[in-house]
Amino acid sequence: MNPLIQLYDFHKNEFKLKNNTFLRLFEELLSTPPCSILECSAQISPKGTHGARFRLGYGHQDIQEGLSAIHNFLGNIAGCKNVQLNSSMLSQIVNNDLDVSRAMAIGVGLDYTTNIIDSKVKFYVLIREYPEKVNQILSLHPPLDSIRDYLIHEEFCFGINMYFDGSTSIEIYPYLDQHDLNNTALMIKLKLRDVPRVFIEKCDQLYVSFEDDGRRVLHFTPQSSTKFVRSINNRQLSLAYSSVQILNYLLNHSYHKETTAIFSLKEDEILSENIQNINLLYNLTSRA
């Protein structure tokens, strides 16, 4: 079996996701080469755990095929009953003028909820050394003070949200690596010094995104996910992550592969020591 399919099936069964048209369309896209990246996600909140969240992607060598496959997928989603998908922002950004040689990866995510108008798809692009595209994205992003202070690296990731009610938005995901996280002057400049070291130390990377009102969401990639989970001390997260550990055992046994875990936390909840909303994401890259 393709390890990406095994990952998807495991997540679907573990979080008891019922079959529906949207998942079927996503499964068809996932099972078709040259898709080589899959990320599954569990969104944890006081309301419970929401697991119908997936993202798949294509590497640099497969960008053109991936663009065509994602375009067809979005067209199929748009044709579903009660879905009003607005792709105008996507067409403005990803069009014939896009220099695909500067795209390192692309992807599409599905976040399906029982309240269909709150469901969405998200188109992702990771670009490198493409300042004119970065400028375009920032012009469409909600205004933020000192936003360019975060643009430390040549790589730049952004996502275009397309909700099933027709609304759209754009997100950016600047990141800091280990060297950046140990740069005291930079951490002060970005006002990240107040984040407890227990979350930042021994992290390979830290991504930052922003809510509409400017509040930050911090996305941690720890070297030891087990220690990170223990430091948060959230029962729902511990249960969800125990499933990931079982999956990693199975993947390691069958393919000598393991997933990479990312934990997304709201900065204001971290600082108030009242963490209630957590996204657990785990991904795998594998070519069929």
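In what follows, the structure referred to is the one given above.
This structure is a prediction, so every number in the text was calculated from the model and none was measured.

What counts, and where the lines are drawn
- Residues numbered from 1 in each chain as written.
- Predicted model: local features only at pLDDT ≥ 70, side-chain atom pairs only at ≥ 80, totals over all residues.
- Heavy atoms only, no water.
- Helix = DSSP H or I, 4+ residues; strand = E, 2+ residues; numbered from the N terminus.
- Expected span 1.5 Å × (residues − 1).
- Buried < 20%, exposed > 50% of the residue type's maximum accessible area, 1.4 Å probe, protein only.
- Arc of directions from axis to C-beta.
- Axes fitted to C-alpha atoms, helices over the stretch in contact; angles between N-to-C directions.
- Parallel < 35°, antiparallel > 145°, perpendicular 65-115°, else oblique.
- Left-handed = near helix turned anticlockwise from the far one by under 90°.
- Contact = heavy atoms within 4.5 Å.
- Nonpolar A, V, L, I, M, F, W, Y, C, P; charged D, E, K, R; others polar.
- Pairing = 2+ DSSP bridges.
- Disulfide = S-S within 2.5 Å.

Re helix α10 (residues 235–255)
Look at α10: 30 Å from first C-alpha to last across 21 residues, which is about the 30 Å you get at 1.5 Å a residue. Burial in α10 covers these residues: Leu237, Ala240, Tyr241, Ser243, Val244, Leu247, Asn248 and Leu251. For α10, the buried positions fall inside an angular range of 150 degrees around the axis, keeping them on one side. Facing away from the buried side of α10, by more than 90 degrees, are the exposed residues Arg235, Tyr249 and His253.

What to know about the packing of helix α9 (residues 225–232) against α10
Two elements in contact, α9 and α10, have axes separated by 10 Å at closest approach and are oriented at 170 degrees. Classified by the interaxial angle, the pair formed by α9 and α10 is roughly antiparallel. Crossing hand, α9 versus α10: left-handed. Contact with α9, carried on its side by Ser225, Thr226, Val229 and Ile232, involves Leu237, Ser238, Tyr241 and Gln245 of α10 and no other residues of that element. The residue inventory of the contact of α9 with α10, partitioned by class, reads 4 nonpolar, 4 polar and no charged.

Focus: the sheet that holds strand β10 (residues 260–266)
As summarised here, the arrangement of the 11 strands in space is β6-β5-β4-β3-β2-β1-β11-β10-β9-β8-β7, forming an open sheet in which the pairing is antiparallel. Each edge of the open sheet carries a strand with a single partner, namely β6 (168–172) and β7 (175–177). Averaged over all neighbouring strand pairs, the angle between strand axes comes to 20 degrees, with direction disregarded.

Brief notes about the state of the cysteines
Across all of its chains, the model carries 0 disulfides by this definition. Take Cys35: it sits in no disulfide, and the sulfur closest to it among the cysteines is that of Cys40, at 11 Å. With a relative accessible area of 0%, Cys40 lands in the buried category.

A look at unusual backbone geometry
Omega for the peptide link from Pro33 to Pro34 comes to 10 degrees, which places this bond in the cis form. Its place among the elements puts Pro34 in the loop between α2 (21–30) and β1 (37–45). Even without a glycine there, the phi angle at Ser146 is positive, about 60 degrees. Following the sequence through the fold, Ser146 ends up in the loop between α5 (131–140) and β5 (155–163). Although it is not a glycine, Asn233 sits at a positive phi angle of roughly 60 degrees. Tracing the backbone shows Asn233 in the loop between α9 and α10.

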